[in-house]
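Commentary on secondary and tertiary structure
Chain residues, written in single-letter form:
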Amino acid sequence: MLSKEFLLLVLIAFGITVPITYMALESWLQQFANRIEIGMGTFLISGVVILLISGLILSFQIIKTAMINPVKSLKSE
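In this text the structure is predicted, and so the values were computed from the model without any measurement.

The subject of this paragraph is the overall build of the protein chain. Counting its regular elements, the protein chain contains 3 helices and 0 strands. When the elements of the protein chain are put in sequence order from the N terminus, they spell out α-α-α. A compact globule built from 77 residues would reach a C-alpha radius of gyration of about 11 Å, whereas the protein chain, at 20 Å, exceeds it by more than 25%. Along the first, second and third principal axes, the C-alpha set of the protein chain runs to 65 × 20 × 15 Å. Every one of the 77 residues in the protein chain was classed for burial, and the buried ones make up 13%. Of the roughly 6600 Å² that the protein chain leaves accessible, carbon and sulfur atoms contribute 74%. For the protein chain, the separation between the mean place of its 5 positive charges and that of its 4 negative charges on side chains is 17 Å.

Together, Leu 8, Leu 9, Ile 12, Ile 16, Ile 20 and Met 23 give the surface a local cluster of nonpolar side chains, amounting to about 630 Å² of exposed area. Inspection of the secondary structure assignment puts Ile 20 in helix H1 (residues 2-29). A relative accessible area of 52% places Ile 20 in the exposed class.

What follows is about the packing of aromatic side chains. Two measures describe an aromatic ring pair: the distance that separates the ring centres and the angle between the ring planes. This structure, assessed with the given rule, holds 2 aromatic pairs. Their ring planes at 65° and their centres at 6.1 Å tell us that Tyr 22 and Phe 43 sit as a pair that is edge-to-face. Residue Tyr 22 is located in helix H1, and its partner Phe 43 is located in helix H2 (residues 40-67); the two are separated by 21 residues in the primary sequence.

How each quantity is defined
- Residues numbered from 1 in each chain as written.
- Predicted model: local features only at pLDDT ≥ 70, side-chain atom pairs only at ≥ 80, totals over all residues.
- Heavy atoms only, no water.
- Helix = DSSP H or I, 4+ residues; strand = E, 2+ residues; numbered from the N terminus.
- Rg over C-alpha atoms; globule rule 2.2 N^0.38 Å.
- Buried < 20%, exposed > 50% of the residue type's maximum accessible area, 1.4 Å probe, protein only.
- Areas by Shrake-Rupley, 256 points an atom, 1.4 Å probe, with all protein chains shown as cover.
- Lys, Arg positive; Asp, Glu negative; His and termini not counted.
- Charge placed at Lys NZ, Arg CZ, Asp CG, Glu CD.
- Patch = residues over 30% accessible without salt bridge, like charges linked within 9 Å, V, L, I, M, F, W, Y side chains within 5 Å.
- Salt bridge = Lys/Arg side-chain N within 4 Å of Asp/Glu carboxyl O.
- Phe/Tyr/Trp six-rings, centres within 6.5 Å; stacked < 30°, edge-to-face > 60°.

In structure tokens form, the structure reads like this:
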């Protein structure tokens, strides 16, 4: 449940930044003599990579938290 909410926030942030980044890159690339087009494939690949990395980090943190002995954490508080 926690991972679904976190990954949803990552998707929302990605959805907000893609149009802004696309417009900024298009205006920046228009200044060069050799012009190239930025395709949506670039953004899709980066979105998948971002989701994979955030999923791995979230999984690592969940496993690390699950392995903690509750007695030790309560003893320190």
